[in-house]
Amino acid sequence: MFEQLGLIGCGLMGGSFALALKRAGLVKRIVGYSKSPSTTERARQMGVIDVEAPSALLAVSGADIVLLAVPVSATEATFKAIRHLVGPNTLVMDVGSTKRDVVDAARRVLRDSVGSFVPCHPITGKEVSGVEHADVDLYTGKQVILTPIERTLTAQLQKASDVWTALGCHVIKMSPQAHDAAYAAVSHLPHLIAFALINGIMGQDHGKDYMSLAGPGFRDFTRIAASDPQMWRDILIANREELLAQSKIFQQTLQSLEQLISSGSGDVLEVLIEQASESRAHWR
Ligand code: TYR
């Protein structure tokens, strides 16, 4: 049971975490801060947070658990703003989609207190953002990747793992490097492709008309193209090396398929589609 959650970033991810922690009976008081005061105010009006803090530092003041739920490019500045109040008994977590850059920022800024920070990536979200979409069950049944470093305190790592487990999450641990390599393939690349697909269609004369004719497959494939622009700008740039490597593999794979189509090699094409179809059907 925590006394106070210091919530930095009262959007979809932060707001949903606050609701879930409260429902689980794990926290007495939630003090929230968002860059835009109107967001913080809305979060309080909605009952997502109890108290509005005028700064990140004041949200952390008196907190024994802190969650950073900000775009990854804002992580370093946020650590700077709160570093003086991060002690060995404060559990600090984030929800950023990339981990190497976040861990580097933590090392640079938190220094001796870096052990209190447990880097986290819950594999959940929505294509819509903002506290209006906060959902008490956003984390229920989802995976959360923890990417501790050598200096992460065992006690804090255990506490973080316990919190996510109490919210109904399945906790997995791996290195920040392994995390960024995997999520470049299964998250960052698919978002990039969805953005490119929509822009490629809309860049054509009749793109809008074509889109209006699309069906459920198009809807499934492109849902994530509606995601938050600043958040995804940050993710794609932060994990650029792994992402560009995956993008290259994708382009090569696409080219081989194009060659088979162009030469009318239906048999081989069918085999490759069958491979993809089988892999997707037996996923999980
Ligand atoms: N955009 C994803 C969706 O709508 C959710 C998500 C986003 C999950 C970022 C993880 C992540 O790092 O399903």
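A brief structural summary. Note that the coordinates shown come from a computational prediction; the quantities given were computed from them, not determined experimentally.

Let's talk about the sheet that holds strand β3 (residues 51–52)
Part 1: Pairing is parallel across the open sheet formed by six strands, whose spatial order is β3-β2-β1-β4-β5-β6. Unpaired on one side and paired on the other, β3 and β6 (117–118) mark the two borders of the sheet.
Part 2: Relative to strand β5 (residues 91–94), strand β4 (residues 65–68) runs parallel, the two sharing four bridges. Bridge pairing in β5 links V66 to V92.
Part 3: Across the sheet, helix α1 (residues 12–23) is in contact with β1 (2–8), β2 (27–33), β4 and β5; its angle to β1 comes to roughly 170°.
Part 4: Its contacts with the sheet place helix α4 (residues 75–82) against β1, β4, β5 and β6, and it is angled at close to 155° to β4.

Points about the pattern of salt bridges
A side chain with one charge can pair with a side chain of the opposite charge if their charged atoms come near.
Part 1: Applying the stated criterion across every chain, the model contains 14 salt bridges.
Part 2: With its nearest N and O atoms 2.9 Å apart, the salt bridge here joins K22 to D50. Separated by 28 residues along the polypeptide, K22 in helix α1 and D50 in the loop between α2 (37–45) and β3 bring together distant segments of the chain.
Part 3: Since its relative accessible area comes to 30%, K22 is described here as partly exposed.
Part 4: You can call D50 partly exposed: its relative accessible area is 33%.

Side note on the nonpolar core
Part 1: Core analysis: the biggest nonpolar cluster contains 37 residues, and L5, F17, L21, I65, M93 and W164 have the highest contact counts within it.
Part 2: Only β1, α1, β2, β4, β5, β8 (143–146) and α6 (154–166) provide two or more residues apiece to this core.
Part 3: Considering each element in turn, this core owes the most residues, six residues, to α1.
Part 4: Counting 31 residues, the second largest nonpolar core, distinct from the first, contains V72, V92, I193 and L243.

Re the sheet that holds β8
Part 1: Reading across the sheet, the three strands line up as β7-β8-β9 and stay open at both edges, with mixed pairing between neighbours. The sheet is open, and its two edges are formed by β7 (120–122) and β9 (170–173), each paired on a single side. Each strand of the sheet is rotated relative to its neighbour by a mean of 20°, with strand direction disregarded.
Part 2: With four bridges connecting them, β8 and β9 associate as parallel partners. Following the sheet pairing, I145 is matched in β9 by I172.
Part 3: Relative to β9, α6 is tilted by about 150°, and along the sheet it contacts β7, β8 and β9.

Conventions and cut-offs
- Residues numbered from 1 in each chain as written.
- Predicted model: local features only at pLDDT ≥ 70, side-chain atom pairs only at ≥ 80, totals over all residues.
- Heavy atoms only, no water.
- Pairing = 2+ DSSP bridges.
- Helix = DSSP H or I, 4+ residues; strand = E, 2+ residues; numbered from the N terminus.
- Contact = heavy atoms within 4.5 Å.
- Axes fitted to C-alpha atoms, helices over the stretch in contact; angles between N-to-C directions.
- Salt bridge = Lys/Arg side-chain N within 4 Å of Asp/Glu carboxyl O.
- Buried < 20%, exposed > 50% of the residue type's maximum accessible area, 1.4 Å probe, protein only.
- Core = buried A, V, L, I, M, F, W, Y, C linked by side-chain atoms within 4.5 Å.

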